[in-house]
Amino acid sequence: MVPEDIAESEGAVEGAAAESEGAVPAAPPHTDDHMSTIMFGFGDNRCGQLGLSKECKGNRRSSTAPPTPGMLPTFEETQILQISCGYHFTWFLSVKGELWVVGRNKDSGQLALGHYEDAIAVKRLHQMLTKIVYMSTGGSFGFAIDEKGEMSAVGNNTNGQLGIGSYESTPSFTPVPSLSRTLTGHRVSQIGCGGNFSVFVTAAGEVLSCGSNASGQLGLGHQNDVEIPTLVHDLCGMGVTQVSCGFNFFWAMAVVTDTNVVHLWACGDNHWGQLARGQIGGCSLTPVSYTHLRAHETPEHLVCRLLLEKKKINKTNTRYTTNEV
């Protein structure tokens, strides 16, 4: 979530909406800038995305997956606030608002370095003129929001997932005018990135989406790609606070505080049953609603519970059918 100290309203209407919706996240606790963060990386490291190398030199094979978790050497004097992983690349955001990047970059310049060369060693972006307070990455692209609430995007844009009004990819951060707080009044509180699509949640609880839509993962009721963030009308007025994206599907969540009820919606590809709608296959072009769910459940826990319940039902039906035969 975007910290509250950069999300104060500049207009009476926007301020009233944020206050009534209760959607402005609390500011992070005060942290000592001199503190360090100790981090470990493990897993696939074919492009150096774990950030374990001090210098970008030598054979890339030296950056293969470590047998045990390895400590990242770069952040011995830096405190990290947020980490976001894309396809073979990683972004790190420090408490000072600095953005650090590492890994694959040759696809679309997703490291925002202004070129297309991979980075095995973690690099700090020096071209950022303002403090970054929030970021999110997808397949080969990413977004950053600065302390003024302005959003920029970088990387692969072949399906319009950057929301910049075109399908041109870019190796440098480019403003997203349709979600500019100054121009439109939208204040984005969270971004969900899929393989090649993006979903945005505003402080007023609105949901917008853009990018690849072959499986209807944008929730817009059709399967055409969209290059400009577009309002998901089926979620209007629902007070969505959080979204979570898979490769070509997404889940949205809203919590009714007075009744402690969680509402969840899902749309997009359902080839493996990832929408938890009781069947496998097909796709949903509009968000499917689940109501009266336990408030303590995360979307991941919910999916597991629904699948277990489905498994029990199937076993029961099979037993009855066998007895009848």
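Residues numbered from 1 in each chain as written. Predicted model: local features only at pLDDT ≥ 70, side-chain atom pairs only at ≥ 80, totals over all residues. Heavy atoms only, no water.

**Student:** Is there a simple way to explain the pairing of strand β7 (residues 132-137) in this structure?
**Tutor:** Remember that side chains alternate between the two faces of the sheet whenever the strand is regular. By the criterion of burial, β7 is predominantly enclosed, with six of the six residues buried. What sits between the antiparallel neighbours β7 and strand β8 (residues 141-146) is a turn of three residues. (Buried < 20%, exposed > 50% of the residue type's maximum accessible area, 1.4 Å probe, protein only. Helix = DSSP H or I, 4+ residues; strand = E, 2+ residues; numbered from the N terminus. Pairing = 2+ DSSP bridges.)

**Student:** Mind showing me how you'd approach the sheet that holds strand β4 (residues 89-94) here?
**Tutor:** Strand pairs in the sheet, formed through backbone hydrogen bonds, run parallel or antiparallel to each other. Read across the open sheet, the four strands follow the order β3-β4-β5-β6; overall the sheet is antiparallel. Edge positions in the open sheet fall to β3 (80-85) and β6 (119-124), since each of these has one partner strand only. Going from strand to strand, the sheet's axes swing by 15 degrees on average, the running direction of each strand aside. Both β3 and β4 contribute to a ladder of five bridges, which runs antiparallel. The partner of I83 across the bridge, within β4, is F92. (Axes fitted to C-alpha atoms, helices over the stretch in contact; angles between N-to-C directions.)

**Student:** Explain the pattern of salt bridges to me, please; I cannot follow it from the model alone.
**Tutor:** Pairs can form between side chains of opposite charge whenever their charged atoms are close. The tally for this structure, following the rule as stated, stands at three salt bridges. Of the charged contacts in the structure, one is a salt bridge between D44 and R46, with a shortest N-O distance of 2.9 Å. The salt bridge involving R104 is made with D107; its shortest N-O contact spans 2.5 Å. Using a relative accessible area of 36% as the deciding quantity, one classes D107 as partly exposed. (Salt bridge = Lys/Arg side-chain N within 4 Å of Asp/Glu carboxyl O.)

**Student:** What is the right way to read the state of the cysteines from this model?
**Tutor:** Two cysteines form a disulfide when their sulfur atoms are joined by a covalent bond. Using the criterion set out here, one finds zero disulfides in the structure. We note that C245 lacks a disulfide partner, and the nearest cysteine sulfur, in C193, lies 6.8 Å from it. (Disulfide = S-S within 2.5 Å.)

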